[in-house]
Amino acid sequence: MAPEICVALPKAGISSSISSIVRHAPTQSLELAVPNLYTAMGRARTSLLIEHCWQQTLTGKLLQISIENHVLDVGLFGYIWDNTRFASYSQWCSRHSWLYSECSFNNEKEISLAIHHVQLVHPK
Amino acid sequence: MTLKEFSMQNENGKWIAADAELGDFDLVARAADSEFVSLTRLNCDDESEMLRLWMSPSGQNKKMINSLRLAAVNWAAKLRIGRSSQAEAWTALNTTISRKLMYPLSALTLTEDREGMHIHYGPGNLRRTPKSWY
């Protein structure tokens, strides 16, 4: 986003080299609230995932199938939203999927989800 | 109309998209007006545009990143040569270009350190970026 920030902030009377903390923090804390693309992406995906799985829309059902495929891919017993296990299973699962990227963002930002999905069970 | 041919292959324990080898024959589909249309065949790395999103089965984001970066650079060039007031520049930043860049984000899998930085600064500009911008 820098090309437009480089131009727009000086035009708006604000230094373009202002700290990123001040630039991206919300207006409630008296900052500028210029959107950070990476954070906005993760936030949008998380809210989309929760909304569609909760409402059980067509997209939500597709996401549930994708979650189940992800569970099979990682071979994890329990919920894939458990951030404490992300570091271990991220070593062997596919990394190009939307869901992996979402789990990675949640792990990085310490966001915990509680979306129910089918789990693997231990063989008796 | 396009047809994406790909299969998932296991490489070093990880599933990745690979080109499917279905053979060289023509595939047709019936369009809404009952006419038969020949399908354009794309490989797993070929990105195609749909609803202003560039997508490919292999999860590449190159064209999407380029299109976002181009939009940002063009918008900045127009604002630079225009004579906007401070309020207009601020409003334009928060309404036009920000919304345009944020529109495809929920469908993307950008990483902050690599693709995200290329949108922000471009591959050649990383060294010139001040530290405070991170």
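A. Fine view of the overall build of chain A. When you go through chain A residue by residue, the secondary structure sums to six helices and zero strands. Going from N to C terminus, chain A has its helices and strands arranged as α-α-α-α-α-α. Taking 14 Å as the expected radius of gyration for a compact globule of 124 residues, we find that chain A reaches 19 Å, considerably beyond that expectation. Dimensions of chain A along its principal axes, counting C-alpha atoms only, are 65 × 30 × 25 Å. Counting every position in chain A, which comprises 124 residues, the buried fraction comes to 25%. Across chain A, the fraction of contacts at a sequence separation of at least 24, relative to all contacts at a separation of at least 6, is 49%.

B. Structural view of the overall build of chain B. Looking only at helices and strands, chain B features three helices and eight strands. Reading the secondary structure of chain B in the N-to-C direction produces β-β-β-β-β-β-β-β-α-α-α. Counting the 134 residues in chain B, one finds 21% classified as buried. Within chain B, contacts between residues at least 6 apart in sequence are counted, and of these 49% link residues at least 24 apart.

C. Region of the structure containing unusual backbone geometry. Residue and element names in this part refer to chain B. Although it is not a glycine, Ser34 sits at a positive phi angle of roughly 65°. Tracing the chain through its elements places Ser34 in the loop between strand 4 (28-30) and strand 5 (36-38). With 6 C-beta atoms packed within 10 Å, Ser34 lands in the exposed category. Positive phi, close to 55°, is recorded for Leu51, a residue that is not glycine. Looking at the element boundaries, Leu51 is found in the loop between strand 7 (48-50) and strand 8 (53-55).

D. Quick look at the environment of B:Lys63. Residue and element names in this part refer to chain B. Topologically, Lys63 is positioned in helix 1 (residues 62-81). Exposure remark for Lys63: the 16 C-beta atoms within 10 Å place this residue in the partly exposed category. Discounting chain neighbours no more than four positions away, the residues touching Lys63 are Glu47 and Trp54.

E. Quick peek at helix 2 (residues 86-102) of chain B. With 17 residues, helix 2 of chain B should cover 24 Å at 1.5 Å per step; its first-to-last C-alpha distance of 23 Å lies within 8% of that length. Of all the bends in helix 2 of chain B, the greatest, near 35°, is centred on B:Ala92. Every buried residue of helix 2 of chain B is listed here: B:Ala89, B:Ala92, B:Leu93, B:Ile97, B:Ser98 and B:Leu101. The inward-facing, buried residues of helix 2 of chain B contact helix 1 (2-11) and helix 3 (37-55) of chain A together with helix 1 of chain B.

F. Structural view of the domain arrangement of chain A. Assigned domains within chain A: domain 1 (1-35) and domain 2 (37-108). The C-alpha-based centres of domain 1 of chain A and domain 2 of chain A are spaced at 31 Å.

G. A look at the interface of chain A and chain B. Taken residue by residue, the interface counts 28 residues in chain A and 36 residues in chain B. Put simply, the parts of the chain that give the side of chain A that touches chain B at least two residues each are helix 1, helix 3 and helix 6 (98-108) of chain A. By residue class, the composition of the side of chain A that touches chain B is 17 nonpolar, seven polar and four charged.

H. Structural detail: the environment of B:Asp45. All names here are of chain B. As for its placement among the helices and strands, Asp45 is situated in the loop between strand 6 (40-42) and strand 7. The partly exposed category is assigned to Asp45, around which 15 C-beta atoms lie within 10 Å. Asp45 sits 13 residues away from Ser58 along the chain, and the two C-alpha atoms are 5.7 Å apart. The residues contacting Asp45, other than those within four sequence positions of it, are Ser56, Ser58 and Gln60.

I. Layout of the packing of helix 1 of chain A against helix 2 of chain B. Contact pair helix 1 of chain A / helix 2 of chain B: the axes reach a minimum separation of 7 Å and the direction vectors enclose 145°. Two secondary-structure elements touch here, helix 1 of chain A through A:Glu4, A:Ala8 and A:Lys11 and helix 2 of chain B through B:Gln86, B:Ala89, B:Ala92, B:Leu93 and B:Ile97. Its residues placed into classes, the contact of helix 1 of chain A with helix 2 of chain B shows five nonpolar, one polar and two charged.

The rules behind the values
- Residues numbered from 1 in each chain as written.
- Chains lettered and ligands numbered in written order.
- Predicted model: local features only at pLDDT ≥ 70, side-chain atom pairs only at ≥ 80, totals over all residues.
- Helix = DSSP H or I, 4+ residues; strand = E, 2+ residues; numbered from the N terminus.
- Rg over C-alpha atoms; globule rule 2.2 N^0.38 Å.
- Buried ≥ 20, exposed ≤ 12 C-beta atoms within 10 Å, placed from the backbone.
- Contact = placed C-beta atoms within 7 Å.
- Expected span 1.5 Å × (residues − 1).
- Bend = angle between axes of the 7 residues up to and from the residue.
- Domains from an automatic or database assignment.
- Nonpolar A, V, L, I, M, F, W, Y, C, P; charged D, E, K, R; others polar.
- Axes fitted to C-alpha atoms, helices over the stretch in contact; angles between N-to-C directions.

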